[in-house]
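Understanding the architecture of this molecule
Each chain, written out:
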Amino acid sequence: MAEYSRLAQGSFISTGQAKVIQIPFKPEYIEMVNYTATFEAPTSQAVVSAKWFAAMGQGFAVEQVYDATPDLVVDAVIANGFSTFSAGQLLQYGPTLVVTVVSKAAAAAVTTSTAHGLSSGDVVIFQGLFETSTTGMPQINGIPFTVTVTGATTFTIPWNTNQSNYTAISVATTGAPTVKKVLYPYLYFPGQTFISNITLGTTTTIDTTDAHNFVVGQEVAFRIPSQWGTVQLNSLPNTLVPGSPVYGYVIAVTDYNTVVVNIDSSAYTTFNSNQTVASVPGLSYPQIVAVGDVNTGGVQISSGSQLYPPPYYVPIGTTRVNTINGPAIQGAYVNNTAQGFIIGIGTGVNQTSSVLVGTEGDVIHWRAQLNDLLLP
Amino acid sequence: MRQAEDLILRDYIVSAASEINAGGGSNGFNPTNLGTSDFSLVATTLDTNNAYKFMTGIEGMDRFGTGPVRNCYFMLSSTELQSDFDALVGNVGVLNQWSYASNTSALPTEWGNVFNIRILTSSEGPVARNAATNNLGATADVYYNTVLGKQAVTHINQDGDSMKLIYRDEYYSGMLAQNCTLAVRFSQAQAITQDTAIRNLLCTRNSALAA
């Protein structure tokens, strides 16, 4: 029974952080060998090899690891071991976490009641940000935010809550402040993104709540509901060419959530994110939207560069994450759906300082398979 | 058949088209449940943007319980919202498709019409489960209703490679002739051809009707 089974294998050099492996299926069996650990002198807590069967459950693993002696022993990983993913559909979320604090700050600081397990660059949405039935921060419910992790239970988001209509979340008396991770925020990009701030001037600087994934040359349009102020950016009407949309072009990409657009907004109305709590039912959000499908005319090739680099997204800072697609034109629309598995940073139940994915520089070989017969 | 293609196009539109939150309902969530004013607002937005309507109107006839239908855009919605649409019947501008003066142009999946919008429903309509919360801590699903004009989106079969239904009998599918192969292969791309002619109208359900 192997007509329809699928096999894949490969290797990578560990960075000491969880490693995402994209393959054309969702495996039911994974094994890995830390080749570096096999020829180095035995070292306490070094993981030599590990396996995972789907029936174990997500995040588990069985590993061979050196104990303190150091003798090679068998141990289990019960969290952050191997896990599989199928990033094919939008609107999927992780577990709901209780939010205990949201501060009033230029970059609001969030505290969760338990460890959030997020990484910087992950995207979350909030719900129920009411301190009382009429106060709090429900203005930002439902907006996707990129997080910058500051601790096991803390992170910040790119939104200025230090404004008069926002009340800090500290001891919520009504509502149920929660947050959950958006599992696959960038399956399709560039697309539509919410705006957190607009700096007016001879060029216009746009800050977004999560990664815009625009490139220089990207054509963009705006949707600014009237209560947010800068309605002059809206695509229609165009007073110069009646009936024609007004579009801008990205002339600089500062980082994952900031772009500069070639629109002179010096005389436009100031952007206002200080929305009232009372406005929330029915409140629509300001958005910037990618338009056009071929924007930059291709990828600049220079000496030593990859001839046909895959399209990438930028989840945080200026860090580029390649998709499995390619080659592609920069700025063109990308489908980033994917399947595969993750080798995590889980520790052993007994060898509590071991790390499944190894330490930085370790050479890891892996093999994954999907069986055409799985019993029971 | 063709369901996978539709899901891809659906998710693409959720990612790439701009959003309007419903505010015409009264359930206290953001977005609210749908009110007739939400349909009017979206249709007005598309009209202002010079979007082309899909359907010409249906002239009124001398038949009890029927009414004329305006020229319309299409709205693609989840079947889970049908009870909310039913609750709107009786409001000015709302017609179930059975109440069209002539429903010869009604599509099999068409629920009916509100002002300048004709509503098509599907069980695959995009839904973000438990994505909205009100000030009492209750949660609600958020529905993405795509309202679009004729020039809004297109679907491209790349290099003329349209969908192919592949069938291989057991002798070609394995050495032991135990299994047949039935598959669909397609290479395709989607594009929003006019971004001003498409909006996702987000809404929750009427709490009184929620299951």
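Here the structure is a predicted model, which is why all the values come from computation and not from measurement.

Some points on the overall build of chain A
Scanning chain A from terminus to terminus reveals one helix and 26 strands. Counting only C-alpha atoms, chain A reaches 75 × 55 × 40 Å along its principal axes. With 376 residues in all, chain A has 42% of them scored as buried. The long-range fraction of contacts in chain A, counting pairs at least 24 apart against all pairs at least 6 apart in sequence, stands at 70%.

Focus on the environment of Gly191(A)
Within the secondary structure, Gly191(A) is located in the loop between β15 (188–189) and β16 (192–199). The residues contacting Gly191(A), other than those within four sequence positions of it, are Ala290(A), Ser15(B) and Ala16(B).

Describing the interface of chain A and chain B
A common way to state how big an interface is: give the accessible area lost once the parts meet. With 35 residues of chain A at the contact, the number on the chain B side is 35 residues. Elements with a contribution of two residues or more to the side of chain A that touches chain B: β10 (123–127), β18 (219–223) and β21 (287–291) of chain A. Tallying contributions element by element places β21(A) first for the side of chain A that touches chain B, with four residues. A per-class count over the side of chain A that touches chain B returns 17 nonpolar, 15 polar and three charged.

Considerations on helix α2 (residues 36–48) of chain B
Residue and element names in this part refer to chain B. Helix length check: α2, at 13 residues, gives a terminal C-alpha distance of 18 Å against a target of 18 Å (1.5 Å per residue), a fit within 8%. Taken residue by residue, α2 has Asp-38, Phe-39, Leu-41, Val-42, Ala-43 and Leu-46 as its buried positions. In this structure, the buried residues of α2 make contact with β1 (19–21), β2 (73–78), β4 (110–114), β5 (117–122), β7 (139–148) and β12 (198–203). Two residues or fewer after α2 comes Asn-50, characterised by a positive phi angle close to 60°.

A word on the pairing of strand β3 (residues 29–34) of chain A
Residues and elements named next belong to chain A. Only one face of β3 is buried: it carries Ile-30, Met-32 and Asn-34, and the other face, with Tyr-29, Glu-31 and Val-33, is open. Across five bridges, the pairing between β3 and strand β4 (residues 47–53) is antiparallel. Paired with Tyr-29 across the strands is Phe-53, a residue of β4. As paired elements, β3 and strand β26 (residues 363–370) share six bridges and run antiparallel to each other. Paired with Asn-34 across the two strands is Ile-364, which belongs to β26.

A word on the sheet that holds β4(A)
Residues and elements named next belong to chain A. Here six strands make up an open sheet; going across it, the order is β1-β26-β3-β4-β5-β6 and the pairing antiparallel. Each having just a single partner strand, β1 (6–13) and β6 (72–77) make up the two edges of the open sheet. Averaged over all adjacent pairs, the angle separating strand axes in this sheet is 15°, with direction ignored. Note: strand β5 (residues 61–66) against β6, six bridges, orientation antiparallel. Its bridge partner being in β6, Glu-63 is matched across the sheet by Asp-75.

Digging into the sheet that holds strand β17 (residues 204–208) of chain A
Residues and elements named next belong to chain A. The sheet built from six strands closes into a barrel, its strands ordered β16-β17-β20-β19-β18-β21 with antiparallel pairing. For this sheet the average axis-to-axis angle between neighbouring strands, irrespective of direction, equals 50°. Here β18 runs beside strand β19 (residues 248–255); their pairing, made up of two bridges, is antiparallel. Bridge pairing in β19 places Val-220 opposite Gly-248.

What to know about the domain arrangement of chain A
Partitioning chain A into structural domains gives domain 1 (6–87 + 340–370), domain 2 (93–182) and domain 3 (186–336). When its residues are assigned to classes, the side of domain 2 of chain A that touches domain 3 of chain A shows seven nonpolar, eleven polar and no charged.

A word on unusual backbone geometry
For the peptide bond that leads from Phe189(A) to Pro190(A), omega is -10°, which places it in the cis range. Its place among the elements puts Pro190(A) in the loop between β15 and β16. That bond from Asn30(B) to Pro31(B) is cis: its omega, 0°, falls within 30 degrees of zero. By the secondary structure assignment, Pro31(B) is in the loop between β1 and α2. Positive phi outside glycine occurs at Asn80(A), with the angle close to 60°. Residue placement: Asn80(A) occurs in the loop between β6 and β7 (82–87). A positive phi is found at Ala177(B), a non-glycine position, where the angle reads about 55°. On the secondary structure map, Ala177(B) appears in the loop between α4 (170–173) and β10 (181–185).

Cut-offs and rules
Residues numbered from 1 in each chain as written. Chains lettered and ligands numbered in written order. Predicted model: local features only at pLDDT ≥ 70, side-chain atom pairs only at ≥ 80, totals over all residues. Helix = DSSP H or I, 4+ residues; strand = E, 2+ residues; numbered from the N terminus. Buried ≥ 20, exposed ≤ 12 C-beta atoms within 10 Å, placed from the backbone. Contact = placed C-beta atoms within 7 Å. Nonpolar A, V, L, I, M, F, W, Y, C, P; charged D, E, K, R; others polar. Expected span 1.5 Å × (residues − 1). Pairing = 2+ DSSP bridges. Axes fitted to C-alpha atoms, helices over the stretch in contact; angles between N-to-C directions. Domains from an automatic or database assignment.

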